[in-house]
Amino acid sequence: MINDSYFGGFILLGFPGQPELETIISGVVFFFYTIALMGNIAIILLPLLDERLQTPMYFFLRNLAILDLCYTTNIVPQMLVNVWGKEKKITFAGCAFQLFTDVTLCTVECMLLAVMSYDRFNDVCKPLHYMTIMNPQLCQGLMAMTWVIGIINCMILSPHAMSLPRCGNHHLDHYFCEISAMVKIACVDTTAMEETLFALCFFIFLTPLLLILVSYGFIAVAVLKLKSAAGRQKAFGTCSSHLIAVSIFYGTIIYMYIQPGNSPSQDEGKLLSIFYSIVTPSLNPLIYTLRNKEFKGAMKRLIGKEKGSGETAVH
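Just so we're clear, the structure is a prediction, and the values are computed from it rather than from any experiment. (Residues numbered from 1 in each chain as written. Predicted model: local features only at pLDDT ≥ 70, side-chain atom pairs only at ≥ 80, totals over all residues. Heavy atoms only, no water.)

S.K.: Residues and numbers for the pattern of salt bridges, please.
M.R.: Across all of its chains, the model carries three salt bridges by this definition. Of the charged contacts in the structure, one is a salt bridge between Glu-22 and Lys-88, with a shortest N-O distance of 3.2 Å. Remark: Lys-88 occurs in the loop between α2 (56–84) and β2 (89–90) and Glu-22 occurs in helix α1 (residues 19–49); sequence separation between them is 66 residues. Of the residues examined, Glu-22 reaches a relative accessible area of 11% and is grouped as buried. (Salt bridge = Lys/Arg side-chain N within 4 Å of Asp/Glu carboxyl O. Helix = DSSP H or I, 4+ residues; strand = E, 2+ residues; numbered from the N terminus. Buried < 20%, exposed > 50% of the residue type's maximum accessible area, 1.4 Å probe, protein only.)

Below, the structure written as C-alpha cells:
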C-alpha cells in the first residue's frame with residue numbers, strides 16, 4: 001500500500017496488480033501516440049504550405065488535428081510517467097487541469113464532427129455555392145461555437161466532479177483523471193451528479209450525431225442522383241473518411257457513456273478510454289490522408305519541391 005496520508009493529489013491506479021498488462025498497454029500507447037504526433041502535425045502543417053489545401057474542409061480537418069494532438073498530449077505523457085516510474089501520483093491541480101481539458105476537448109470534437117458533416121453536405125449538395133456558403137467568417141464562427149459549447153459543458157461538469165467529498169480517498173481507479181472515475185470515489189450520494197452527466201452526455205453526443213445522420217441522408221440522396229460514375233466516386237471519397245472517423249469515435253463514446261442497460265466494467269471502461277482518447281486520434285490522420293487524393297498529391301508536390309531544391313543546391 002502507498003502511504004499517501006500526506007498527499008493532496010491522487011493516485012492513478014491504472015491496472016492494479018497487472019504489471020505485465022500495464023507494460024504491454026504502455027508500449028501500445030507509446031506506439032499510437034508517436035503516430036498521432038507525426039500524422040496530426042502533418043495535417044496541421046501541410047495545408048499551410050500548399051495553397052490548394054486552403055479550403056473549408058482542410059480548415060476543419062486542421063482544427064480536428066489540433067484537437068487530437070492536444071487530447072492525446074493531455075493524457076499520454078502523464079500515463080507513461082506513472083506506468084514507467086515508481087510512483088503513480090498526480091497533483092490536485094494537475095488532475096483538475098487534465099479533467100477540465102478532457103471534458104472540453106471531447107465536447108468540442110463531438111461538435112466539430114457535426115460541423116464537418118455540414119461542410120460535406122454543402123460541398124456535395126450545393127457545389128456551385130459551396131465556397132460562398134462556407135466563407136471564412138462562417139467557418140471561424142462555427143469553430144468558435146464548438147469551443148463555447150465545450151467550455152460551457154466543462155464549467156458545468158468539471159468543478160462539481162472535482163469538489164465532491166472523497167473522505168480521504170485519493171485512489172482513482174483509472175490511468176488518467178476521467179470524470180466518471182472521479183465520481184465513483186465520492187463518499188456521498190452521487191445520483192444527481194450521475195443523472196446530470198448522463199443528460200449532458202446524451203445532449204452533447206446525440207444531438208451532433210443526429211445532425212450528422214441528417215446531413216448524410218441528404219448527401220446520399222444527392223449522390224444517387226448523380227449520373228456520372230466518376231462524380232459519385234468523388235463524392236463517396238470525400239465523405240467516406242469522415243463517416244469512418246464518426247463511426248469509430250461515436251461508437252466508442254456511446255458504448256461507454258450512454259448505452260442502455262449495464263455500463264462497461266471498470267477494466268473494460270479503461271480499455272475503451274484508451275481507444276477513444278489515444279488510438280482514435282492516431283487513426284484519424286491515416287483515415288483522412290490515405291483515402292484523400294488531394295492530400296497525397298500535396299505531399300508528392302512538397303517532396304518534389306524539396307528534391308528539386310536539393311538538386312539545385314548540389315549543382
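Back to the write-up after that little detour.
S.K.: How would you summarise the packing of α2 against helix α5 (residues 136–163) if you had to cite specific residues and measurements?
M.R.: Where α2 contacts α5, the two axes come as close as 11 Å, and the packing angle between them is 25°. Our classification of the angle between α2 and α5 gives roughly parallel. Considering the relative orientation of α2 and α5, their crossing is right-handed. Residues Pro-56, Phe-59, Phe-60, Asn-63 and Leu-67 of α2 form the contact with α5, whose participating residues are Cys-139, Gln-140, Leu-142, Met-143 and Trp-147. (Axes fitted to C-alpha atoms, helices over the stretch in contact; angles between N-to-C directions. Parallel < 35°, antiparallel > 145°, perpendicular 65-115°, else oblique. Left-handed = near helix turned anticlockwise from the far one by under 90°. Contact = heavy atoms within 4.5 Å.)

S.K.: Which residues make up the side chain of Asp-119, and what values do they have?
M.R.: Here Asp-119 shows up in helix α3 (residues 92–125). You can call Asp-119 buried: its relative accessible area is 2%. Here Asp-119 is in contact with Pro-56, Met-57, Phe-60, Tyr-130 and Met-134, once residues within four sequence places are set aside.

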